[in-house]
Amino acid sequence: MLYEARLVLRSPAIVVERRTERGYVKPLGYIPGSTLRGAILDALRAEGVLSLDDLRREAESPSVLSSPAYPLVGGKRALPASPFAAYCRECGVVYDFAPVYARQGKLESIKCPVGRDHTLKPAYPGIVVYKRVAEGGVVVAEKAPIRTFRSTSVGVSKRRGAFERGMLFDYEAVAEGTEFWAYVWAPFDLPGRLEVTVGRGASRGFGWAELTLKAAGSAPFSASGLFVALSPLVPLKKASWGDCTLEVERVLGRTYRVLAGWDSFKRSPLPVVELVRQGALVEGRVSCNRDPRAGIPVRLGGYWLTGVNAVVPFGEYLRGGGVG
Ligand SMILES: [Zn+2]
(Lines give C-alpha, C1' and ligand atoms only; values in the text may rest on other atoms or scores of the structure.)
Protein backbone atom coordinates (compact mmCIF):
# COMPACT_ATOMS: atom_id res chain seq x y z
CA MET A 1 0.00 0.00 0.00
CA LEU A 2 1.19 3.49 -0.86
CA TYR A 3 0.76 6.08 1.85
CA GLU A 4 0.78 9.84 1.73
CA ALA A 5 2.76 10.89 4.77
CA ARG A 6 2.80 14.15 6.68
CA LEU A 7 5.50 14.83 9.23
CA VAL A 8 5.43 17.60 11.84
CA LEU A 9 8.57 18.34 13.84
CA ARG A 10 7.79 18.53 17.57
CA SER A 11 11.41 19.40 18.41
CA PRO A 12 14.22 20.89 16.26
CA ALA A 13 15.77 18.38 13.87
CA ILE A 14 19.40 18.12 12.78
CA VAL A 15 19.21 16.73 9.27
CA VAL A 16 22.43 17.44 7.46
CA GLU A 17 24.22 16.48 4.30
CA ARG A 18 27.56 15.53 5.79
CA ARG A 19 29.47 15.54 9.01
CA THR A 20 32.22 18.15 9.17
CA GLU A 21 35.18 18.29 11.52
CA ARG A 22 33.54 20.77 13.94
CA GLY A 23 30.18 19.15 13.90
CA TYR A 24 26.98 18.96 11.95
CA VAL A 25 26.28 21.95 9.76
CA LYS A 26 24.44 22.79 6.55
CA PRO A 27 20.91 21.51 7.01
CA LEU A 28 19.48 19.79 3.98
CA GLY A 29 16.06 21.44 3.91
CA TYR A 30 14.52 18.03 3.32
CA ILE A 31 14.67 14.58 4.92
CA PRO A 32 16.37 11.87 2.82
CA GLY A 33 14.18 8.85 2.04
CA SER A 34 16.59 6.45 3.73
CA THR A 35 16.50 8.59 6.92
CA LEU A 36 12.71 8.64 7.03
CA ARG A 37 12.57 4.92 6.23
CA GLY A 38 14.93 4.18 9.14
CA ALA A 39 12.85 6.36 11.47
CA ILE A 40 9.66 4.54 10.45
CA LEU A 41 11.28 1.10 10.95
CA ASP A 42 12.53 2.12 14.43
CA ALA A 43 9.06 3.39 15.34
CA LEU A 44 7.39 0.20 14.07
CA ARG A 45 9.84 -1.79 16.19
CA ALA A 46 9.06 0.36 19.26
CA GLU A 47 5.31 -0.11 18.68
CA GLY A 48 5.75 -3.86 18.42
CA VAL A 49 4.58 -3.99 14.79
CA LEU A 50 7.98 -5.30 13.69
CA SER A 51 10.35 -7.66 15.52
CA LEU A 52 14.13 -7.47 15.57
CA ASP A 53 14.13 -10.32 13.04
CA ASP A 54 11.83 -8.26 10.82
CA LEU A 55 14.32 -5.39 11.00
CA ARG A 56 17.13 -7.75 10.01
CA ARG A 57 15.06 -8.87 7.04
CA GLU A 58 14.51 -5.22 6.11
CA ALA A 59 18.30 -4.76 5.92
CA GLU A 60 18.69 -7.85 3.74
CA SER A 61 15.63 -7.27 1.61
CA PRO A 62 13.83 -3.94 2.07
CA SER A 63 10.05 -3.94 1.86
CA VAL A 64 9.19 -0.64 3.62
CA LEU A 65 10.22 2.31 1.47
CA SER A 66 10.08 6.07 1.65
CA SER A 67 10.62 8.96 -0.72
CA PRO A 68 12.47 11.99 0.65
CA ALA A 69 10.27 14.28 2.73
CA TYR A 70 10.04 17.85 1.41
CA PRO A 71 8.59 20.82 3.29
CA LEU A 72 4.91 21.71 3.23
CA VAL A 73 4.78 25.48 2.88
CA GLY A 74 1.39 26.95 3.74
CA GLY A 75 -0.14 23.60 2.80
CA LYS A 76 1.65 23.50 -0.57
CA ARG A 77 4.12 20.76 -1.42
CA ALA A 78 7.67 21.96 -1.97
CA LEU A 79 9.46 20.00 -4.72
CA PRO A 80 13.01 19.59 -5.96
CA ALA A 81 13.70 22.14 -8.72
CA SER A 82 14.52 20.78 -12.17
CA PRO A 83 17.92 21.17 -13.86
CA PHE A 84 16.25 23.91 -15.96
CA ALA A 85 15.35 26.04 -12.93
CA ALA A 86 17.07 29.41 -12.56
CA TYR A 87 16.85 32.17 -9.97
CA CYS A 88 16.43 35.71 -11.29
CA ARG A 89 18.08 38.22 -8.99
CA GLU A 90 16.06 41.17 -10.33
CA CYS A 91 12.66 39.43 -10.20
CA GLY A 92 13.49 37.61 -6.94
CA VAL A 93 11.85 34.38 -8.11
CA VAL A 94 12.83 31.03 -9.60
CA TYR A 95 11.79 30.27 -13.17
CA ASP A 96 11.58 26.59 -14.02
CA PHE A 97 11.77 25.94 -17.76
CA ALA A 98 11.19 22.17 -17.43
CA PRO A 99 7.60 22.39 -18.82
CA VAL A 100 9.00 24.11 -21.94
CA TYR A 101 11.52 21.29 -22.31
CA ALA A 102 8.77 18.71 -21.74
CA ARG A 103 6.65 20.25 -24.50
CA GLN A 104 9.40 20.87 -27.07
CA GLY A 105 11.80 18.03 -26.26
CA LYS A 106 14.59 20.60 -26.19
CA LEU A 107 15.44 23.98 -24.76
CA GLU A 108 17.08 26.69 -26.83
CA SER A 109 17.95 29.16 -24.12
CA ILE A 110 17.11 30.07 -20.57
CA LYS A 111 16.28 33.77 -20.27
CA CYS A 112 14.22 35.69 -17.76
CA PRO A 113 10.73 36.10 -19.28
CA VAL A 114 10.43 39.57 -17.69
CA GLY A 115 13.72 41.20 -18.66
CA ARG A 116 16.27 39.94 -21.18
CA ASP A 117 19.09 41.68 -19.30
CA HIS A 118 18.21 40.05 -15.96
CA THR A 119 20.82 37.84 -14.33
CA LEU A 120 19.88 34.18 -13.96
CA LYS A 121 21.64 31.77 -11.63
CA PRO A 122 21.07 28.00 -11.64
CA ALA A 123 18.54 26.97 -8.96
CA TYR A 124 19.26 23.24 -9.29
CA PRO A 125 19.74 21.45 -7.00
CA GLY A 126 17.25 23.27 -4.82
CA ILE A 127 13.84 23.01 -3.28
CA VAL A 128 11.07 25.24 -4.52
CA VAL A 129 7.40 25.99 -4.06
CA TYR A 130 5.51 26.50 -7.31
CA LYS A 131 3.48 29.68 -7.61
CA ARG A 132 1.95 29.87 -11.09
CA VAL A 133 2.55 29.27 -14.77
CA ALA A 134 3.82 32.28 -16.68
CA GLU A 135 3.68 32.98 -20.41
CA GLY A 136 5.24 30.28 -22.54
CA GLY A 137 4.62 27.61 -19.90
CA VAL A 138 7.46 28.68 -17.62
CA VAL A 139 6.72 27.89 -13.99
CA VAL A 140 7.27 30.68 -11.46
CA ALA A 141 8.47 29.39 -8.10
CA GLU A 142 10.00 30.51 -4.84
CA LYS A 143 12.86 28.93 -2.95
CA ALA A 144 11.22 26.86 -0.21
CA PRO A 145 11.66 28.83 3.01
CA ILE A 146 12.85 26.71 5.90
CA ARG A 147 13.30 28.05 9.42
CA THR A 148 16.62 27.01 10.95
CA PHE A 149 18.79 28.17 13.80
CA ARG A 150 22.40 27.66 14.63
CA SER A 151 23.85 26.94 18.00
CA THR A 152 26.76 25.28 19.71
CA SER A 153 26.27 22.31 21.95
CA VAL A 154 28.62 20.67 24.40
CA GLY A 155 28.84 16.93 24.37
CA VAL A 156 28.67 15.26 27.76
CA SER A 157 30.32 11.93 28.34
CA LYS A 158 27.66 9.50 29.49
CA ARG A 159 30.26 7.41 31.27
CA ARG A 160 31.97 10.18 33.23
CA GLY A 161 29.11 12.68 33.37
CA ALA A 162 31.55 15.43 32.40
CA PHE A 163 32.23 17.56 29.35
CA GLU A 164 33.93 15.52 26.73
CA ARG A 165 37.01 16.92 25.03
CA GLY A 166 36.47 17.47 21.31
CA MET A 167 32.73 17.03 21.69
CA LEU A 168 31.87 20.71 21.28
CA PHE A 169 29.87 20.91 18.11
CA ASP A 170 28.00 23.41 16.01
CA TYR A 171 24.68 22.48 14.63
CA GLU A 172 22.08 24.07 12.49
CA ALA A 173 18.67 22.65 13.19
CA VAL A 174 15.35 22.83 11.37
CA ALA A 175 12.84 24.55 13.66
CA GLU A 176 10.07 22.69 15.44
CA GLY A 177 6.68 23.07 13.80
CA THR A 178 8.16 22.57 10.32
CA GLU A 179 5.97 20.28 8.24
CA PHE A 180 7.04 17.83 5.56
CA TRP A 181 5.30 15.52 3.07
CA ALA A 182 6.48 12.20 1.62
CA TYR A 183 5.36 8.97 0.00
CA VAL A 184 5.75 5.76 2.02
CA TRP A 185 5.26 2.21 0.79
CA ALA A 186 4.70 -0.90 2.92
CA PRO A 187 3.51 -4.41 1.98
CA PHE A 188 1.47 -4.49 5.21
CA ASP A 189 -0.93 -2.07 6.93
CA LEU A 190 0.79 0.82 8.69
CA PRO A 191 -0.68 2.63 11.70
CA GLY A 192 -2.29 5.97 10.88
CA ARG A 193 0.01 7.73 13.33
CA LEU A 194 3.58 7.14 14.45
CA GLU A 195 5.97 8.98 16.70
CA VAL A 196 9.37 9.00 14.99
CA THR A 197 12.78 10.56 15.51
CA VAL A 198 14.65 11.89 12.50
CA GLY A 199 18.22 13.04 12.13
CA ARG A 200 21.04 13.41 14.66
CA GLY A 201 20.96 14.02 18.37
CA ALA A 202 17.91 11.94 19.24
CA SER A 203 19.40 11.29 22.70
CA ARG A 204 19.49 15.08 23.26
CA GLY A 205 15.84 15.42 22.30
CA PHE A 206 16.33 16.48 18.69
CA GLY A 207 14.21 15.30 15.80
CA TRP A 208 11.08 14.19 17.60
CA ALA A 209 8.29 14.19 15.02
CA GLU A 210 4.74 13.11 14.48
CA LEU A 211 4.06 11.15 11.32
CA THR A 212 0.55 10.67 9.95
CA LEU A 213 -0.04 8.16 7.17
CA LYS A 214 -2.99 8.14 4.80
CA ALA A 215 -3.55 5.15 2.48
CA ALA A 216 -3.31 6.20 -1.16
CA GLY A 217 -3.93 3.01 -3.13
CA SER A 218 -1.99 -0.05 -4.22
CA ALA A 219 -2.51 -0.14 -7.98
CA PRO A 220 0.28 -1.36 -10.26
CA PHE A 221 1.94 1.33 -12.34
CA SER A 222 3.19 1.33 -15.91
CA ALA A 223 4.15 4.34 -17.98
CA SER A 224 6.77 5.65 -20.34
CA GLY A 225 7.93 9.12 -21.24
CA LEU A 226 9.25 11.94 -19.10
CA PHE A 227 9.54 11.56 -15.33
CA VAL A 228 10.90 13.68 -12.52
CA ALA A 229 13.11 12.14 -9.85
CA LEU A 230 11.70 13.03 -6.41
CA SER A 231 14.77 11.40 -4.85
CA PRO A 232 18.39 10.89 -5.88
CA LEU A 233 18.66 8.55 -8.83
CA VAL A 234 21.11 5.70 -9.29
CA PRO A 235 22.56 6.23 -12.78
CA LEU A 236 21.85 2.76 -14.15
CA LYS A 237 20.29 1.80 -17.47
CA LYS A 238 17.97 -0.51 -15.60
CA ALA A 239 17.03 -0.76 -11.93
CA SER A 240 14.95 -3.71 -10.76
CA TRP A 241 13.37 -4.50 -7.43
CA GLY A 242 10.94 -7.40 -7.29
CA ASP A 243 8.56 -6.97 -10.21
CA CYS A 244 9.42 -3.30 -10.41
CA THR A 245 11.64 -2.03 -13.20
CA LEU A 246 12.90 1.43 -14.11
CA GLU A 247 14.49 1.60 -17.55
CA VAL A 248 16.36 4.81 -18.27
CA GLU A 249 17.10 6.15 -21.72
CA ARG A 250 18.29 9.60 -20.74
CA VAL A 251 18.89 11.51 -17.52
CA LEU A 252 19.25 15.28 -17.23
CA GLY A 253 20.74 16.15 -13.87
CA ARG A 254 23.94 16.58 -11.91
CA THR A 255 25.79 13.70 -10.35
CA TYR A 256 27.49 13.69 -6.94
CA ARG A 257 29.38 11.17 -4.89
CA VAL A 258 28.08 10.20 -1.50
CA LEU A 259 28.79 7.71 1.23
CA ALA A 260 25.74 5.48 1.05
CA GLY A 261 25.26 5.48 4.82
CA TRP A 262 25.78 3.06 7.62
CA ASP A 263 24.57 -0.48 7.95
CA SER A 264 23.28 -0.83 11.49
CA PHE A 265 23.41 -4.62 11.47
CA LYS A 266 26.74 -5.22 9.78
CA ARG A 267 28.20 -2.23 11.66
CA SER A 268 30.25 -1.19 8.68
CA PRO A 269 30.30 1.82 6.41
CA LEU A 270 28.48 1.51 3.11
CA PRO A 271 30.28 2.11 -0.18
CA VAL A 272 30.73 5.48 -1.88
CA VAL A 273 28.26 5.70 -4.73
CA GLU A 274 27.54 8.09 -7.54
CA LEU A 275 24.00 9.45 -7.62
CA VAL A 276 22.09 11.97 -9.68
CA ARG A 277 20.60 14.82 -7.64
CA GLN A 278 16.84 14.89 -7.16
CA GLY A 279 14.82 17.03 -9.53
CA ALA A 280 16.57 15.28 -12.44
CA LEU A 281 14.48 14.69 -15.55
CA VAL A 282 14.32 11.07 -16.64
CA GLU A 283 13.25 9.77 -20.02
CA GLY A 284 12.38 6.13 -19.85
CA ARG A 285 9.90 3.54 -18.77
CA VAL A 286 8.56 2.35 -15.43
CA SER A 287 6.82 -0.98 -15.09
CA CYS A 288 5.88 -1.80 -11.54
CA ASN A 289 3.59 -4.07 -9.56
CA ARG A 290 3.18 -1.14 -7.18
CA ASP A 291 3.50 2.62 -7.14
CA PRO A 292 7.09 3.87 -7.73
CA ARG A 293 6.68 7.14 -5.86
CA ALA A 294 8.32 5.78 -2.67
CA GLY A 295 11.35 4.68 -4.68
CA ILE A 296 12.95 1.63 -6.25
CA PRO A 297 15.83 0.26 -4.13
CA VAL A 298 19.06 -0.78 -5.81
CA ARG A 299 21.54 -3.40 -4.67
CA LEU A 300 25.10 -2.08 -4.85
CA GLY A 301 28.23 -3.71 -3.47
CA GLY A 302 26.25 -6.15 -1.33
CA TYR A 303 24.00 -3.45 0.17
CA TRP A 304 20.54 -2.21 -0.60
CA LEU A 305 20.39 1.48 -1.27
CA THR A 306 16.95 2.86 -0.35
CA GLY A 307 15.46 6.31 -0.72
CA VAL A 308 16.50 6.36 -4.38
CA ASN A 309 14.71 6.20 -7.74
CA ALA A 310 11.43 7.72 -6.55
CA VAL A 311 9.91 8.96 -9.79
CA VAL A 312 6.66 10.61 -10.85
CA PRO A 313 5.37 11.31 -14.37
CA PHE A 314 6.16 14.88 -15.37
CA GLY A 315 2.51 16.06 -15.47
CA GLU A 316 1.87 14.74 -12.00
CA TYR A 317 4.96 16.51 -10.70
CA LEU A 318 3.51 19.86 -11.78
CA ARG A 319 0.06 19.05 -10.40
CA GLY A 320 1.65 17.90 -7.15
CA GLY A 321 3.20 21.34 -6.88
CA GLY A 322 -0.20 22.91 -7.46
CA VAL A 323 0.34 24.15 -11.04
CA GLY A 324 -0.10 22.72 -14.55
ZN1 LIG B 1 13.86 38.61 -14.06
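What you see is a predicted model, and the numbers here were worked out from it, not measured in a lab. (Residues numbered from 1 in each chain as written. Predicted model: local features only at pLDDT ≥ 70, side-chain atom pairs only at ≥ 80, totals over all residues.)

Where strand E1 (residues 2–9) lies against strand E14 (residues 179–185), 7 bridges are found, and the strand directions are antiparallel. From the neighbouring strand, Tyr3 faces E14, where its bridge partner is Val184. As paired strands, E1 and strand E16 (residues 208–215) are joined by 7 bridges and run antiparallel to one another. Counted as the bridge partner of Leu9 is Ala209 from E16. (Pairing = 2+ DSSP bridges. Helix = DSSP H or I, 4+ residues; strand = E, 2+ residues; numbered from the N terminus.)

Strand order in the open sheet formed by 6 strands is E6-E10-E11-E8-E7-E9, with antiparallel pairing between adjacent strands. What marks the edges here is a single partner per strand, and that holds for strand E6 (79–80) and strand E9 (120–122). Relative to strand E11 (residues 139–143), strand E10 (residues 127–133) runs antiparallel, the two being bridged by 5 bridges. Following the sheet pairing, Arg132 is matched in E11 by Val140.

As a further point, take the sheet that holds strand E17 (residues 221–229). Pairing is antiparallel across the open sheet formed by 5 strands, whose spatial order is E18-E19-E24-E17-E27. For this open sheet the edge positions go to strand E18 (238–241) and strand E27 (311–313), each flanked by a neighbour on one side alone. Adjacent strand axes in the sheet meet at a mean angle of 35° when their direction is disregarded. With 3 bridges connecting them, E17 and E27 associate as antiparallel partners. Of the residues in E27, the one forming a bridge with Phe227 is Pro313. (Axes fitted to C-alpha atoms, helices over the stretch in contact; angles between N-to-C directions.)

Okay, the environment of Pro27 next. Position of Pro27 among the secondary structure elements: in the loop between strand E2 (23–24) and helix H1 (33–46). Measuring from C-alpha to C-alpha, the distance between Pro27 and Ile146 comes to 9.7 Å, with 119 residues separating the pair along the chain. Residue contacts for Pro27: discarding those within four places in its chain leaves Val15, Val16, Thr148, Glu172, Ala173 and Val174. (Contact = placed C-beta atoms within 7 Å.)

To continue, consider the environment of Val258. Considering the arrangement of structural elements, one finds Val258 in strand E20 (residues 255–259). As for Val258 and Glu274, which are separated by 16 residues in sequence, their C-alpha atoms are 6.4 Å apart. Beyond its immediate stretch of four places on either side in the chain, Val258 contacts Val273 and Leu275.

Within the largest apolar cluster, 92 residues are counted, with the highest numbers of intra-cluster contacts made by Ile40, Val94, Val128 and Val311. Apart from the residues lying within four places of it in its own chain, the contact partners of Ile40 are Val64, Ser66, Val184, Leu194 and Val196. (Core = buried A, V, L, I, M, F, W, Y, C linked by C-beta atoms within 7 Å. Buried ≥ 20, exposed ≤ 12 C-beta atoms within 10 Å, placed from the backbone.)

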